[in-house]
Amino acid sequence: MGGTFDPIHNRHRDIAISAKEEYGLDEIWFMPAGDPYCKEDKQVTDAGLRLEMTRLAVKEMPDFCHVCDLEVRTPGNTYTANTLRKLRELYPEHEFYFIVGADSLLYMDSWYEPREIFRNAIILCAERPGNEELDKEIERLNRKYAMFGPERVRKIHCGEEPISSTDIRKMHERGGDISPFVTRGVLDLIEKEGLYT
């Protein structure tokens, strides 16, 4: 499960647990983006702090959840296509699934080298009930990348929770209580480092 994780929150955990249960995954690796090229025009918290938040959050998750720092250790811009290629090289015995949110899936075909993404992983997309655009995009991508196997994109039936990292940052900036949405460790680090103020 890749993402900027700025900050990582409880919805990320819930999506991961749903994906594990629905698709029989052995492990979930939470991988914070290093220097995400798609966020160059936005202010992003230092990768080291986002990695630390991810480690703190995963400590409070089931033991099948782990942290992977591959992208944070990669110099320069990080690209999902390159990351998945590297994971396949490092762990050829594994089958990889890449967990994304609905918003990411709608733009994934315009990401850097999308063929490599669909070649090297099955995409699991968190559902957004009633989103016909998402359903149509899943169908389109499955047709387009059928050469890599059937159903390269599948839906995670995890219900809808209207919260995002952006919402949490804005809420904290306005002085709102974000404790229902992040773990205690993540909240403590946010407050200690003065993030999102």
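In the block above lies the structure referred to throughout.
Residues numbered from 1 in each chain as written. Predicted model: local features only at pLDDT ≥ 70, side-chain atom pairs only at ≥ 80, totals over all residues. Heavy atoms only, no water.

Glancing now at the packing of aromatic side chains. Summed over all chains, the structure comprises 6 aromatic pairs. Arranged with centres 5.2 Å apart and planes meeting at 70°, the rings of W29 and Y91 form a pair that is edge-to-face. Of this pair, W29 sits in strand 2 (residues 28-32) while Y91 is found in the loop between helix 4 (80-90) and strand 4 (97-100), placing the two residues 62 residues apart along the sequence. Here Y91 falls in the partly exposed class, since its relative accessible area comes to 31%. Measuring from ring centre to ring centre gives 5.7 Å for W29 and F96, while their planes differ by 70°; the resulting arrangement is edge-to-face. Placement of the pair is W29 in strand 2 and F96 in the loop between helix 4 and strand 4, with a sequence separation of 67 residues. Taken together, W29, Y91 and F96 form an aromatic cluster joined through their ring pairs. (Phe/Tyr/Trp six-rings, centres within 6.5 Å; stacked < 30°, edge-to-face > 60°. Helix = DSSP H or I, 4+ residues; strand = E, 2+ residues; numbered from the N terminus. Buried < 20%, exposed > 50% of the residue type's maximum accessible area, 1.4 Å probe, protein only.)

For helix 2 (residues 47-59), spanning 13 residues, the distance from its first C-alpha to its last is 18 Å, which sits close to the expected 18 Å at 1.5 Å a residue. Buried within helix 2 are the following residues: A47, R50, L51, M53, T54, L56, A57 and V58. Each element contacted by the buried residues of helix 2 is listed here: strand 2, strand 3 (65-67), helix 3 (70-73) and helix 9 (184-193). Capping the start of helix 2 is the job of one residue whose side-chain oxygen sits 2.9 Å from the backbone nitrogen of G48: D46. (Expected span 1.5 Å × (residues − 1). Contact = heavy atoms within 4.5 Å. Polar contact = N/O pair within 3.5 Å; in protein donor to acceptor, adjacent residues only side chain to side chain.)

Next up on the list: the sheet that holds strand 2. Strand order in the open sheet made by the 3 strands is 1-2-3, with parallel pairing throughout. Every interior strand has two partners, whereas the edge strands, strand 1 (2-3) and strand 3, have only one. Where strand 1 lies against strand 2, 2 bridges are found, and the strand directions are parallel. Residue pairing across strands places G2 opposite M31, the latter belonging to strand 2. With respect to the sheet, helix 2 is in contact with strand 2 and strand 3, its orientation differing from that of strand 3 by roughly 160°. (Pairing = 2+ DSSP bridges. Axes fitted to C-alpha atoms, helices over the stretch in contact; angles between N-to-C directions.)

On to the nonpolar core, then. Among the nonpolar cores identified, the biggest contains 33 residues, and M1, I8, I28, F30, M53, I99 and V186 are the most heavily contacted of them. Among the secondary structure elements, those contributing two or more residues to this core are helix 1 (10-23), strand 2, helix 2, strand 5 (122-126), helix 8 (165-173) and helix 9. Excluding anything up to four places from it in sequence, I8 contacts F30, M53, T54, A57, M61, V182 and V186. Within the second largest apolar cluster, 23 residues are counted, among which are A121, I123, L134 and I138. (Core = buried A, V, L, I, M, F, W, Y, C linked by side-chain atoms within 4.5 Å.)

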